[in-house]
2 protein chains.
Amino acid sequence: MLIINKKGIILSHIKLLKNHELKATPQRLCILDTLDECGHATLEDIQKIISKKFPTLSLSTIYRNLNDMINQEIVSEVKLANKKDYFEIKKEKHVHLVCKKCGKIEDFKIKTDDLSKKIEELTGDKVLDDTITFDVICKDCLSPK
Amino acid sequence: MLIINKKGIILSHIKLLKNHELKATPQRLCILDTLDECGHATLEDIQKIISKKFPTLSLSTIYRNLNDMINQEIVSEVKLANKKDYFEIKKEKHVHLVCKKCGKIEDFKIKTDDLSKKIEELTGDKVLDDTITFDVICKDCLSPK
DNA sequence: CTATATGCAAATAGTTTGCACGGAT
DNA sequence: ATCCGTGCAAACTATTTGCATATAG
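Source: prediction; values computed, not measured.

**Q** Just give me the short version of the interface of chain B and chain A, but keep the residues and values in it.
**A** At the junction of the two partners, chain B supplies 36 residues and chain A supplies 36 residues. Approximately 3100 Å² of surface area, both sides summed, lies buried where chain B meets chain A, with 66% of it carried by carbon and sulfur atoms. Ranking the residues of chain B by area buried against chain A places K79(B), L115(B) and F134(B) at the top, with a combined share of 19%. Viewed at the interface, chain A and chain B are joined by 2 salt bridges. With its nearest N and O atoms 3.9 Å apart, the salt bridge here joins K79(A) to D85(B).

Written out as structure tokens, the structure reads:
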């Protein structure tokens with residue numbers, strides 16, 4: 001659920017920035033709103049959408065802020081084979097489902113512990129984290145209405 | 001096992017190229033040998049190593065050939081969070097284990113069908129493929145000799 | 001008020017392309 | 001003789017940086 005104030009600003013984003021030692025500037029809020037709107041957005045997407053909402057927001061500000069927010073772990077970069085890099089607001093751990101037909105990228109929450117455990121048993125390594133993407137044909141593309 | 005001829009060329013690479021409609025030029029063979037040597041190499045790695053073995057091999061040739069070999073599916077690009085892109089010679093399906101301590105990247109063969117099946121059951125999507133990376137502390141870093 | 005963020009322009013880095021030459025079939 | 005690959009330079013794209021000004025807290 002999103003709480004939005006009179007100016008159309010998503011309040012939780014202000015908190016999010018402040019909790020991570022970043023000032024809640026209109027530019028940063030605009031970038032976060034854009035990411036929220038898109039779910040996953042490339043730099044190009046962000047640039048295009050923002051230029052409408054906020055025409056003076058410069059490209060270097062987008063770069064600088066994405067990097068800052070990545071460093072503060074508010075935002076994460078999603079790298080997919082044969083695609084440009086995407087950005088998303090960091091949220092609960094999830095895997096990505098990329099439809100090879102329509103291109104849609106979906107998040108899906110699922111436990112991956114079984115696989116990590118198997119890796120640990122078989123290799124002797126300690127698993128810290130995983131990054132998992134499935135190429136799929138999504139439900140909608142399988143049986144269009 | 002690698003079969004190497006008198007000139008130090010890995011014979012299987014010649015076949016590999018010819019089977020994919022690419023001429024077996026010294027430049028391409030050199031790039032493949034370098035990838036073999038490294039397992040996983042960034043463009044920078046490739047450039048550095050190649051400039052010793054083959055000083056006249058130009059950067060545009062590296063780019064052009066990597067792209068050609070990716071298109072022919074001889075080589076694949078490995079995208080890892082917070083790292084430059086790596087290239088590897090395409091081989092049996094595997095996951096990547098990236099040690100967060102020493103940086104080493106290892107391939108590991110493991111069945112991932114259970115997870116794909118669960119995704120299919122829970123989402124209704126058809127899973128075609130998966131790309132999986134584990135961040136780990138590798139065995140060697142866990143208990144150095 | 002002060003430190004930080006922004007916009008702009010310039011600098012740097014990364015990648016692709018055009019073209020003339022050279023080598024393999 | 002023809003085709004394809006290469007090297008080099010130039011073009012193009014992507015990203016970062018320096019600096020003067022503006023703004024959040």
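**Q** I'd love a proper account of the relation of the copies chain B and chain A, names of residues and values included.
**A** Relative to chain A, chain B is turned by 179 degrees and slid 0.0 Å along the rotation axis, the superposed coordinates differing by an RMSD of 0.1 Å. On the angle and the small slide along the axis, the relation comes out as a two-fold axis. No C-alpha of chain B lies nearer the rotation axis than that of I132(B), which sits 2.3 Å from it. An overlap of 100% is found between the interface residues of chain B and their copies at the interface of chain A, pointing to a shared contact surface.

**Q** Please provide a residue-by-residue account of the environment of F87(A), values included.
**A** Residue and element names in this part refer to chain A. Along the chain, F87 falls in strand 3 (residues 86-89). Among the residues examined, F87 registers a relative accessible area of 8% and is labelled buried. Separated by 45 residues in sequence, F87 and T42 place their C-alpha atoms 6.1 Å apart.

Cut-offs applied
- Residues numbered from 1 in each chain as written.
- Chains lettered and ligands numbered in written order.
- Predicted model: local features only at pLDDT ≥ 70, side-chain atom pairs only at ≥ 80, totals over all residues.
- Heavy atoms only, no water.
- Contact = heavy atoms within 4.5 Å.
- Buried area = accessible area lost by both parts, 1.4 Å probe.
- Salt bridge = Lys/Arg side-chain N within 4 Å of Asp/Glu carboxyl O.
- Least-squares fit on C-alpha atoms with pLDDT ≥ 70 in both.
- Helix = DSSP H or I, 4+ residues; strand = E, 2+ residues; numbered from the N terminus.
- Buried < 20%, exposed > 50% of the residue type's maximum accessible area, 1.4 Å probe, protein only.

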